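Breakdown of the fold
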Amino acid sequence: MSAIGDITIITQRQLRLLTRVPEVLIFSTIQPVMFVLLFRYVFGGSIDTGQPGGYVQLLMPGIFVQTVAFTLAGTASGLAEDMKKGLIDRFRSLPISQSALVVGRTLGDSLLNIVVLAVMGIAGYVVGWRPSGGLLNVALGFLFLLLFGYALSWVGVLVGLSASDARVVQNVSFIVTFPLTFLSNAFAPTTGMPRALQYFAEWNPVSTMVAACRELFGLENQFGATAGSFPSENPLITSILYMVIIMVIFVPLSLRRYKRSAD
Amino acid sequence: MKTVIAEELVKTYDKGKVRALDNLSLDVEEGTVLGVLGPNGAGKTTTVRILSTLLRPDSGRAMVAGIDVIKHPDKVREVIGLSGQYAAVDEILTGYDNLLMFGQLYHLGKKNAVTRANELLERFNLTEAAKRPIKTYSGGMRRRLDLAASLIVKPKVLFLDEPTTGLDPRGRQEMWGVIQELVKGGVTLLLTTQYLEEADQLADEIAVIDTGKVIARGTSDVLKKQVGGERLEVVVESAHIAKTMQIVAAVSGLTPTLDEGLRMISAPVSTGSKALFEVLKNLDDAGIHALDVGLKRPSLDDVFLSLTGHSAEKKEDVA
Ligand SMILES: Nc1ncnc2c1ncn2[C@@H]1O[C@H](COP(=O)(O)OP(=O)(O)O)[C@@H](O)[C@H]1O
Ligand SMILES: [Mg+2]
């Protein structure tokens, strides 16, 4: 099918960009690795996890999820940049499947995540991260992380095509992503938060993803006020539901936006 | 046969506040070049974007190669090439990578795409720079690569939006050469420009547009006649003014005007540099040394002035 061929070519373009500008790859891995080291050594000593293996076991799933969540910003700013340079116009004037450019972009960004997650995993291992869920579950955890990043990448498509300026895109993406990753169980247990925030954190897709990964990596989740609620009991199912909801809403919206860009 | 037809196109932006196209109609005969001439903000880019399927008009009809642009944009995309106002090539990739990628997206297959990329690089004098990232290219090289990208599948209809804006005189000359070559190959071309000289050089017919409407159309000769063609200007010492007036009048056939302050004598001429040469020779024979001499070509401003009574004032370029 020619649509698949088109998508493959666009994805290859994404990857070629990485080889031409190695800085992108370096910076997108340095930042999360820096987070691993900072959190591990700055907070690691003061957060009592009650888990064997210490804070780093809890931390790694949190940082993995945070990192893939930033796919949203990456996709958005990449597309905004293409739009500004008129490249989107050129692609849209080609006799190719109209969704190829955005689908290829989301896939390329997800492939980048594979590399980033691998580097982070190694960094984590070096500082003591030892997942104990069994090979299959750990692999499943990484697969979910990639899917979560992929779903958010579609939100990024809409943000990138809607904004007028690449800097606005960066700011919007960070304003959306930062609170979501911090108002969650990613870096510290929610048990110490005010009750209202605990409920927010409980339903926060970042938390359900983190909790799901922790389960798959062989850890026990801790909950405060929200123990026993549906997302706390079923983080994996809740996360899958979230991904489906995000895709169902944002794939058609983003594609529509792409076809009409600049109308 | 008309290969491009636009009928009463209307396009507004910002919820109707900006009327970019106001019942614009034009057409291009098969195998000819139409120059769409207009100042910034006249609606050139909007017209090109509608004809190349990137934008839907609010109302009106557009046909390209017999295909309805609004109903079958996908079919139109198979027969057109577009080179937008800003060179739309991937900055980070090399020239070769860009052409290869676009060739593959045109479904040439890897092998043919490679051959075609090399052919085009050669033809546009970019072989040497082929393996360098675009961000190291000059403005002229970028535009040439962009044009090459729009020619990958030999389109029936080509749209070029201000192909030489921002280029230095040499880049402009090169681009003109490239475009003239293309036209010999028989492509139907719609090109937009802000320069009368460019439309004159490249186009068989010119449509002058202002505030989203065609305000005049015809061959460049017809338009230039409307404007008055070229003017010859000579500056001499005060003592030589009278004699120079005679010489210029003889060559021009019309009574010259004199700007006493500048000591400049000027008159319309129809034979361009030939007239210039004649005047210089006659002055020389008369022992008169010209302090300054030149041909002033009518500019877009002159065309506008004579067509609309107002000059082509610069508007902010948004799109
Ligand atoms: N995306 C846009 N939003 C609002 N106004 C626009 C947009 N694009 C163009 N315009 C306006 O439409 C008019 C025509 O623009 P354009 O077609 O770009 O002219 P040209 O290419 O001849 O300079 C201008 O007044 C311009 O400001
Ligand atoms: Mg324009």
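Residues numbered from 1 in each chain as written. Chains lettered and ligands numbered in written order. Predicted model: local features only at pLDDT ≥ 70, side-chain atom pairs only at ≥ 80, totals over all residues. Heavy atoms only, no water.

Word for word, the UniProt comment on chain B under Sequence similarities (unreviewed entry) is "Belongs to the ABC transporter superfamily. Drug exporter-1 (DrugE1) (TC 3.A.1.105) family." In the Subcellular location (unreviewed entry) part of its UniProt record, chain B is described as follows: "Cell membrane". (UniProt positions renumbered as here; feature names shortened; annotations may be inferred.)

Regarding chain A, the relevant UniProt record gives this comment under Subcellular location (unreviewed entry): "Membrane".

Residues and elements named next belong to chain B. Spatially, 6-7-8-3-9-10 is the arrangement adopted by the 6 strands of the open sheet, whose pairing is mixed. The open sheet terminates on both sides in strands that have one partner only, identified here as strand 6 (80-83) and strand 10 (213-218). The average undirected angle you get between the axes of adjacent strands in this sheet is 15 degrees. For strand 7 (residues 157-161) and strand 8 (residues 188-193), the ladder comprises 5 bridges, and the chain directions are parallel. By the bridge assignment for strand 8, Leu 158 is matched with Leu 189. (Pairing = 2+ DSSP bridges. Helix = DSSP H or I, 4+ residues; strand = E, 2+ residues; numbered from the N terminus. Axes fitted to C-alpha atoms, helices over the stretch in contact; angles between N-to-C directions.)

Per the stated rule, a full pass over the model turns up 3 cavities of 30 Å³ or more. Considering only enclosed or pocket space, the largest cavity measures out at about 150 Å³ in volume. Looking at the largest cavity, it is lined by 20 residues, and the ones nearest its centre are A:Asn185, A:Thr190, A:Arg214, A:Gln222 and A:Phe223. When contributions to the lining of the largest cavity are tallied by element, the ones reaching two or more residues are helix 9 (195-203), helix 10 (205-216) and helix 11 (230-233) of chain A. For the lining of the largest cavity, a count of residues per class yields 7 nonpolar, 10 polar and 3 charged. For the second largest cavity, the calculated volume is near 60 Å³. The wall of the second largest cavity is formed by B:Leu196, B:Glu197, B:Asp200, B:Lys224, B:Glu230, B:Arg297 and B:Pro298. The element best represented in the lining of the second largest cavity is helix 7 (residues 196-202) of chain B, accounting for 3 residues. (1 Å grid on protein atoms, 1.4 Å probe; cavity = no way out; pocket = protein on both sides within 12 Å on 5 of 7 lines; lining within 4 Å. Points joined across faces, edges and corners; volume = space filled by probe spheres on them. Nonpolar A, V, L, I, M, F, W, Y, C, P; charged D, E, K, R; others polar.)

Right, let's get into unusual backbone geometry. Residue and element names in this part refer to chain B. Although it is not a glycine, Asp 14 adopts a positive phi angle of roughly 50 degrees. By relative accessible area, Asp 14 is classed as exposed at 52%. A positive phi angle, close to 55 degrees, is found at Lys 15, a residue other than glycine. As for its placement among the helices and strands, Lys 15 is situated in the loop between strand 1 (2-13) and strand 2 (18-29). (Buried < 20%, exposed > 50% of the residue type's maximum accessible area, 1.4 Å probe, protein only.)

Residue and element names in this part refer to chain B. In the neighbourhood of ligand 1, 15 residues make up the surrounding shell, with Gly 41, Gly 43, Lys 44, Thr 45 and Thr 46 lying closest. With respect to ligand 1, the backbone of Gly 43 contributes an N or O atom lying 3.0 Å from an oxygen atom. Protein contact buries 82% of the 560 Å² of open area that ligand 1 shows by itself. Elements supplying a minimum of two residues to the shell around ligand 1: strand 2 and helix 1 (44-51). When residues in the shell around ligand 1 are grouped by element, the largest group, 3 residues, is from helix 1. Residues belonging to the shell around ligand 1 are distributed by class as follows: 7 nonpolar, 5 polar and 3 charged. (Near = heavy atom within 4 Å. Polar contact = N/O pair within 3.5 Å; in protein donor to acceptor, adjacent residues only side chain to side chain. Areas by Shrake-Rupley, 256 points an atom, 1.4 Å probe, with all protein chains shown as cover.)

Bringing the packing of aromatic side chains into the picture now. Geometrically, a pair of aromatic rings is defined through the distance of the ring centres and the angle of the planes. All names here are of chain A. Inspection of the entire model under this criterion finds 15 aromatic pairs over all chains. Look at Phe 64 and Trp 129: their rings are 5.3 Å apart centre to centre, the planes differ by 70 degrees, and that puts the pair in the edge-to-face class. Of the two residues, Phe 64 is situated in helix 3 (residues 55-69) and Trp 129 in the loop between helix 6 (100-126) and helix 7 (135-162); the sequence distance between them amounts to 65 residues. Neither Phe 64 nor Trp 129 differs from the other in exposure class; each is buried. Aromatic side chains Trp 129 and Phe 217 sit 5.5 Å apart centroid to centroid with 65 degrees between the ring planes, which places their arrangement in the edge-to-face category. Here Phe 217 lies in the loop between helix 10 and helix 11 and Trp 129 lies in the loop between helix 6 and helix 7, a separation of 88 residues in the sequence. Under the relative-accessibility criterion, Phe 217 is labelled buried at 1%. Connected via pairs of aromatic rings, a cluster forms that spans Phe 35, Phe 39, Phe 70, Phe 174, Phe 178, Phe 182 and Phe 187. One Lys or Arg, Arg 130, reaches over the ring of Tyr 125 and ends 3.7 Å from the middle of that ring. (Phe/Tyr/Trp six-rings, centres within 6.5 Å; stacked < 30°, edge-to-face > 60°. Lys NZ or Arg CZ within 6 Å of the ring centre and 35° of its normal.)

All names here are of chain B. Taken across its 8 residues, helix 1 has 8 buried, putting it largely inside the fold. The set of residues buried in helix 1 consists of Lys 44, Thr 45, Thr 46, Thr 47, Val 48, Arg 49, Ile 50 and Leu 51. Where helix 1 ends, the next residue or the one after it, Thr 53, has phi of about 70 degrees, a positive value.

Let us look at the nonpolar core. Core analysis: the biggest nonpolar cluster contains 70 residues, and A:Phe91, B:Leu99, B:Phe102, B:Leu105 and B:Leu147 have the highest contact counts within it. Not counting residues within four places of it along the chain, the set of residues in contact with B:Leu105 comprises A:Asp6, A:Ile9, A:Ile10, A:Phe91, A:Leu94 and A:Ile96. (Core = buried A, V, L, I, M, F, W, Y, C linked by side-chain atoms within 4.5 Å. Contact = heavy atoms within 4.5 Å.)

Next up on the list: the layout of surface pockets. Residue and element names in this part refer to chain A. Its boundaries defined by the atoms lining it, the second largest pocket holds a volume of some 980 Å³. What lines the second largest pocket is a set of 37 residues, and nearest its centre among them are Val 24, Ser 28, Gly 74, Ser 77 and Leu 112. Mapped by element, the contributors of at least two residues to the lining of the second largest pocket are helix 1 (2-20), helix 2 (22-43), helix 3, helix 4 (71-84), helix 6 and helix 8 (166-182). When grouped by side-chain class, the residues that make up the lining of the second largest pocket number 16 nonpolar, 13 polar and 8 charged.

Partitioning chain B into domains gives domain 1 (2-225) and domain 2 (229-297). With centres defined by C-alpha atoms, the gap from domain 1 of chain B to domain 2 of chain B works out at 40 Å. (Domains from an automatic or database assignment.)

All names here are of chain B. Summarising the model, chain B shows a mean pLDDT of 88, and 93% of its residues fall at 70 or more. Counting interchain partners and residues more than four positions distant, the pLDDT-below-50 stretch residues 314-319 has 10 contacts. Confidence estimates for the predicted assembly give a pTM of 0.81 and an ipTM of 0.81. (pLDDT = per-residue confidence, 0-100.)

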